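Structural overview for review
Letter by letter, the chains look like this.
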Amino acid sequence: MKKTLLITGGAGFIGSHVVRRFVTRYPDYHIINLDKLTYAGNLENLIDIKDAANYTFAKGDICDAELLQKLFGKHNITGVVHLAAESHVDRSIAHPMEFIRTNIMGTVTLLNAAKSAWANDYSDKRLYHISTDEVYGALGSTGFFTEETRYNPHSPYSASKASSDHLVRAYHDTYGLPTVISNCSNNYGENHFPEKLIPLAINNIKNGKPIPVYGKGENVRDWLYVQDHAAAIDLIFHKGKIGETYNIGGHNEWRNIDLILLLCSLMDKKLGRPQGRSAEQITYVTDRAGHDLRYAIDASKIARELGWKPSVTFEQGLEKTVDWYLANDEWLQHVVSGDYEKYYQQMYDGR
Ligand code: NAD
Ligand code: TYD
């Protein structure tokens, strides 16, 4: 094997697409996927590559310094792609402490492990931290987030990610740790946990349940197909400049209500329902506290410097996503069994 990479959070939504991409495209890399398997981690996401010769799964917590030291000691890890995080804004509003622990303490524990294992020999080493556009706060009806936009997070989730970004930069500036960061807009696609808007709506439309739209549905998000994010991560890991930040986004802004109407129309077509039937399930519910109005990424730096652009339109990506959910009902049933029902009641009953 040419090199060994540690990918954290590889059993989650984006992480599983990144792990699959690296395992299949780089057979001479040994990929170690370290994941705690929280409610969001699911090894079924990686069933197709679980026995690949260049893949190892390690169950564990990024806050566990001893475990990280052992992993770095046992394997000659020269690259890290760090995705492990608590990722859902609504959960962060209800229970912020787990976000502080994993996103901040976990990231700094990982930085320490890499720093100590690499012991100032940073040649051919790289720690790549995956972050979000939510660190920049909220936009009004115009403008875009660039890499220079001032951090202004509003939710415990985005504040914990902002904090982890600052720590990654501090380790680069203070200790010379070879780091790179990207901040991406909202992802959608296969294997997305149905607590986030798109998979939650697909599941509810299918089951004839209300589609909860927060507030007036006027908040805007910039949606990117998950496999296009994985391609950008691949590119930045190999070609991005150490110490730099790259914004990733689809130039694909949708008001939540318009997105839901598009999804309803697509689901009507796929389920053989008369047009307009699924939209009858739309239900406006109490808004999210501190709900950011609009996110929109200026992705011109990654386009200009690394030649990245999204490969699918939103309509194409959404259709692939819906087809995947309809063809993978077993995956969905496993995910919504157990604690999901309790989560759903706590989050939505009486809202
Ligand atoms: P996810 O919630 O689907 O997956 C997170 C994964 O991390 C899970 O497999 C979970 O088991 C694992 N994990 C959680 N705590 C851990 C810990 N303490 N130790 C080890 N593993 C742990 O998240 P996602 O949507 O795939 O997001 C992945 C990364 O990308 C996150 O860092 C997130 O902030 C970032 N991001 C997400 C989006 C998005 O739209 N989903 C957009 C931009 C950036
Ligand atoms: P979400 O998928 O949670 O992503 P984020 O909060 O990280 O952007 O939410 C996307 C948008 O959809 C956001 O404006 C909140 C809204 N939303 C709803 O209207 N209803 C829902 O049930 C959920 C989960 C989100």
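Residues numbered from 1 in each chain as written. Chains lettered and ligands numbered in written order. Predicted model: local features only at pLDDT ≥ 70, side-chain atom pairs only at ≥ 80, totals over all residues. Heavy atoms only, no water.

**Observations regarding the site of ligand 1**
- Around ligand 1 sit 28 residues, and of these I14, D35, S87, Y157 and K161 come closest.
- With respect to ligand 1, the backbone of K36 contributes an N or O atom lying 3.1 Å from a nitrogen atom.
- Contact between ligand 1 and N187: an oxygen atom at 2.8 Å from a main-chain N or O atom of the residue.
- Bound to the protein, ligand 1 loses 97% of the 830 Å² it would expose on its own.
- Considering each element in turn, the shell around ligand 1 owes the most residues, three residues, to strand β5 (residues 126-132).
- By residue class, the composition of the shell around ligand 1 is twelve nonpolar, twelve polar and four charged. (Near = heavy atom within 4 Å. Polar contact = N/O pair within 3.5 Å; in protein donor to acceptor, adjacent residues only side chain to side chain. Areas by Shrake-Rupley, 256 points an atom, 1.4 Å probe, with all protein chains shown as cover. Helix = DSSP H or I, 4+ residues; strand = E, 2+ residues; numbered from the N terminus. Nonpolar A, V, L, I, M, F, W, Y, C, P; charged D, E, K, R; others polar.)

**Focus on the environment of T283**
- Along the polypeptide, T283 turns up in strand β12 (residues 282-285).
- The sequence separation of T283 and N103 amounts to 180 residues, and the corresponding C-alpha distance is 33 Å.
- Ignoring any residue separated from it by four or fewer positions in sequence, one finds T283 in contact with P210, I211, P212 and V213. (Contact = heavy atoms within 4.5 Å.)

**Notes on the environment of T107**
- By the secondary structure assignment, T107 is in helix α4 (residues 97-118).
- A C-alpha to C-alpha distance of 8.0 Å links T107 and L167, two positions 60 residues apart in sequence.

**Quick notes on the sheet that holds strand β9 (residues 220-225)**
- Spatially, the three strands line up as an open sheet ordered β7-β9-β11, and their pairing is mixed. Looking at the sheet topology across the chains shown, the edges are occupied by β7 (186-188) and β11 (253-255). Pairs of neighbouring strands in the sheet enclose a mean axial angle of 50°, with direction left out of account.
- Packing against the sheet, helix α7 (residues 226-239) makes contact with β7 and β9, and its axis sits at approximately 70° to β9. (Pairing = 2+ DSSP bridges. Axes fitted to C-alpha atoms, helices over the stretch in contact; angles between N-to-C directions.)

**Observations regarding the sheet that holds strand β1 (residues 3-8)**
- Judged by pairing direction, the sheet is parallel, and its seven strands sit side by side in the order β3-β2-β1-β4-β5-β6-β10 without closing on themselves. In this open sheet, the two edge strands, each paired with only one partner strand, are β3 (55-59) and β10 (245-248). Neighbour-to-neighbour, the strand axes of this sheet turn through a mean angle of 20°, independent of strand direction.
- Here β1 runs beside strand β4 (residues 77-82); their pairing, made up of five bridges, is parallel.

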